[in-house]
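Single-letter residue listing:
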Amino acid sequence: AFHHHPTRDERKKRRMADAASKAAEEDAVPGIEDADVLTKYKLAGEMSNRVLKAVRSECVAGKRTIDICKLGDELILKETGSVYNKQKEPIKKGIAMPTCLSVNHVVCHSRPMESDAEIILVEGDVVKIDLGCHLDGFIAPVATTMVVGAAEVTGPKADVIMAAYTAAEVALRMVRPGCKTYQVTEAITKVAESFGCKAVEGFLSHQLTKNKIEGGKAIIQNPTQALKKAHKDSVIEVNDVFAIDIIMSSGKGKTKESEQRTTVFRKMPDTIYQLKMKASRQFFTDVSKNFDVMPFELGALKDQKTARLGVTECVKHELVTPFKVLLEEEGAFVAQFKLLVLITSNGNLRITTDPAFDAAAIKSERSLEDPALVELLKTTIGSKNKKKNKKKKTADAGADDAAAPADAKK
């Protein structure tokens, strides 16, 4: 009998079919209706909040951002390393977003390496801290903005911080089942206008699912016409998980790429390409083994030289995607707040937040003007009515007690 050797096209089709069946399996991943998943989100969230608090306290004049970022990552690994160590099947856990410190008009993803120019914090710097932990692929991102050495903040810095903070608080309360993503987009714009600021164009608050920092739905801020076409309106549903990520600017709200080297990347799950360079293959193998699909920074790879050589070919062929360092115009201030919210049937759960943020110390002379949004901000988050019936101990009954079940420390 004639033995058919699959052609390149057929091999590609088979790979695509394999990827499709893998995708179908992933669609069946458990969400927050599963008590175990809920626990993992809550625990990861507590860890991210603690690390954020520690990193924030290190942001003082004279410190190098690289040292503070490294400390943040060490703390994430220490936190996630302390739980789920006795499983029959070991689970993946660790960094879901390497610690980044982006200062003043730098919008995001600034994470220098030792070989890059030093960034040293000075009094009055507006610092955005962005990081995330994950347990078993359930991701708890968080970001905040603080001003170095300032007990009180005034002027444009105060306006931009309050704009971002207020928009995040509004979005957190809006994302209820039935809400459409573009309704949130409009509210973010209204908040920005109240504070004389601009939401930075095209940034997204993504739905999260297991191992995915960019799930199917997203809330876009300040979209251009082209972006409006690309991003359809979606309806928020019960058990959705969102990273509310608000970035505001005192400038024009537009970004350009920085000259600063990009150091944060993540592996794309389904791209297949035969790399030519040995360094690229080595780099890709290391990334797959150590970080899988979570964002990572080049400095975390053992062999930095190989990493720097190999990353270029991997980016070119979309095996890894870069988190570029973006800038606003010089002289503008940019503020960011990122919260993880779980949308349960009896209320929203705020899982990550900056525990040390004090809105009273941010003295903006502007305030929210839209009456409906002002009213919305008076509402509390979470469930209004505690269930009387004790038998209904389902996963969403956990909505009231943020305390993690005792058996999580196994």
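Model, not experiment: these values are computed from the prediction.

> Kindly report on the overall build of the protein chain, identifying the contributing residues and their values.
Within the protein chain one finds nine helices and 15 strands. For the protein chain, the residues scored as buried account for 50% of the 410 residues in total. Once local pairs closer than 6 in sequence are excluded, the contacts in the protein chain between residues at least 24 apart make up 79%.

> Got a sec to walk through empty space enclosed by the protein? Specific residues and values, please.
The method is simple in principle: a probe with the dimensions of a water molecule rolls over the atoms, and the space it marks as empty is what remains. The final tally for this structure, using the stated rule, is one cavity of 30 Å³ or more. Volume-wise, the largest cavity comes out at about 40 Å³. Tallied by class, the residues present in the lining of the largest cavity amount to five nonpolar, no polar and four charged.

> How would you sum up the nonpolar core? Please name residues and give values.
Among the nonpolar cores identified, the biggest contains 45 residues, and Tyr41, Val127, Ile129 and Leu342 are the most heavily contacted of them. Broken down by secondary-structure element, the contributors of at least two residues to this core are helix H2 (35-58), helix H3 (65-80), strand S1 (93-103), strand S3 (126-135), strand S4 (138-147), strand S8 (241-249) and strand S14 (334-344). In terms of residues, this core owes the most to one element, H2, which gives nine residues. Residues within four places of Leu342 in sequence aside, it is in contact with Ile32, Leu38, Tyr41, Asp240, Val241, Gly347, Asn348, Leu349 and Ile351. If you look at the next biggest cluster of nonpolar residues, it comprises 41 residues, including Ile161, Cys179, Phe357 and Leu368.

> Report on the environment of Tyr165, specifying residues and quantitative values.
In this structure, Tyr165 sits in helix H4 (residues 155-174). You can call Tyr165 partly exposed: its relative accessible area is 23%. C-alpha of Tyr165 to C-alpha of Phe337: the two residues are 172 residues apart in sequence and 6.0 Å apart in space. The contact partners of Tyr165, leaving out residues within four places of it in the chain, are Phe337, Phe357 and Ala359.

> Any chance you could break down the sheet that holds strand S12 (residues 320-323) for me, citing the residues and the numbers?
Taken together, three strands build an open sheet; the order of strands is S11-S10-S12 and the sheet is antiparallel. At either end of the open sheet lies a strand with only one pairing partner, and these are strand S11 (296-297) and S12. Examined bridge by bridge, strand S10 (residues 264-267) and S12 share four bridges and lie antiparallel to one another. In the sheet register, Lys267 faces S12, and the bridge partner there is Val320. In the packing of helix H7 (residues 278-290) onto the sheet, the strands contacted are S10, S11 and S12, and the crossing angle to S10 comes to about 80 degrees. Sheet strands in contact with helix H8 (residues 304-316) are S10 and S12, and its direction is about 105 degrees off that of S12.

> Which residues make up the packing of aromatic side chains, and what values go with them?
Per the counting criterion, the structure on display carries seven aromatic pairs. Residues Phe283 and Phe296 carry aromatic rings whose centres are separated by 6.1 Å and whose planes lie at 55 degrees to one another, so their mutual orientation is tilted. Remark: Phe296 occurs in strand S11 and Phe283 occurs in helix H7; sequence separation between them is 13 residues. Of the residues examined, Phe283 reaches a relative accessible area of 1% and is grouped as buried. For the ring pair Phe291 and Phe296, a centre distance of 4.9 Å and an interplane angle of 10 degrees mean the geometry is stacked. In terms of burial, Phe291 and Phe296 fall into one category: buried.

> Can you break down the state of the cysteines residue by residue, with the values?
Counting across every chain of the model gives zero disulfides. The thiol of Cys69 is not disulfide-bonded; the next cysteine sulfur, from Cys100, is found 6.1 Å away.

> Tell me about the packing of H2 against H3, and please be specific about residues and values.
Where H2 meets H3, the axes come as close as 9 Å, and the angle between the chain directions of the two elements is 155 degrees. Overall, the two elements H2 and H3 adopt an arrangement that is roughly antiparallel. Every pair of crossing elements has a handedness; the one defined by H2 and H3 is right-handed. Seen from H2, the contacting residues are Met47, Arg50, Val51, Ala54, Val55 and Glu58; seen from H3, they are Ile68, Leu71, Gly72, Leu75, Ile76, Glu79 and Thr80. Taken together, the residues of the contact of H2 with H3 sort by class into eight nonpolar, two polar and three charged.

> An account of unusual backbone geometry is needed here, citing residue identities and associated values.
Of note in the backbone geometry, Asp136 takes a positive phi value of approximately 60 degrees without being a glycine. Looking at the secondary structure, you find Asp136 in the loop between S3 and S4. Using a relative accessible area of 15% as the deciding quantity, one classes Asp136 as buried. Positive phi, normally seen in glycine, also occurs at Glu318, with a value near 60 degrees. Tracing the chain through its elements places Glu318 in the loop between H8 and S12. Classification of Glu318 as exposed rests on a relative accessible area of 55%.

> Tell me about H8, residues and numbers included.
In an α-helix, one full turn covers 3.6 residues, which means residues spaced three or four apart are oriented alike. Under the 1.5 Å per step criterion, the end-to-end length of H8 is 19 Å for 13 residues, consistent within 8% with the ideal 18 Å. Where H8 is buried, its residues touch S10, H7 and S12. Capping the start of H8, Asp303 holds a side-chain oxygen 3.3 Å from the backbone nitrogen of Lys305, two or three residues further along.

Here is what the cut-offs are and how they apply
- Residues numbered from 1 in each chain as written.
- Predicted model: local features only at pLDDT ≥ 70, side-chain atom pairs only at ≥ 80, totals over all residues.
- Heavy atoms only, no water.
- Helix = DSSP H or I, 4+ residues; strand = E, 2+ residues; numbered from the N terminus.
- Buried < 20%, exposed > 50% of the residue type's maximum accessible area, 1.4 Å probe, protein only.
- Contact = heavy atoms within 4.5 Å.
- 1 Å grid on protein atoms, 1.4 Å probe; cavity = no way out; pocket = protein on both sides within 12 Å on 5 of 7 lines; lining within 4 Å.
- Points joined across faces, edges and corners; volume = space filled by probe spheres on them.
- Nonpolar A, V, L, I, M, F, W, Y, C, P; charged D, E, K, R; others polar.
- Core = buried A, V, L, I, M, F, W, Y, C linked by side-chain atoms within 4.5 Å.
- Pairing = 2+ DSSP bridges.
- Axes fitted to C-alpha atoms, helices over the stretch in contact; angles between N-to-C directions.
- Phe/Tyr/Trp six-rings, centres within 6.5 Å; stacked < 30°, edge-to-face > 60°.
- Disulfide = S-S within 2.5 Å.
- Parallel < 35°, antiparallel > 145°, perpendicular 65-115°, else oblique.
- Left-handed = near helix turned anticlockwise from the far one by under 90°.
- Expected span 1.5 Å × (residues − 1).
- Polar contact = N/O pair within 3.5 Å; in protein donor to acceptor, adjacent residues only side chain to side chain.

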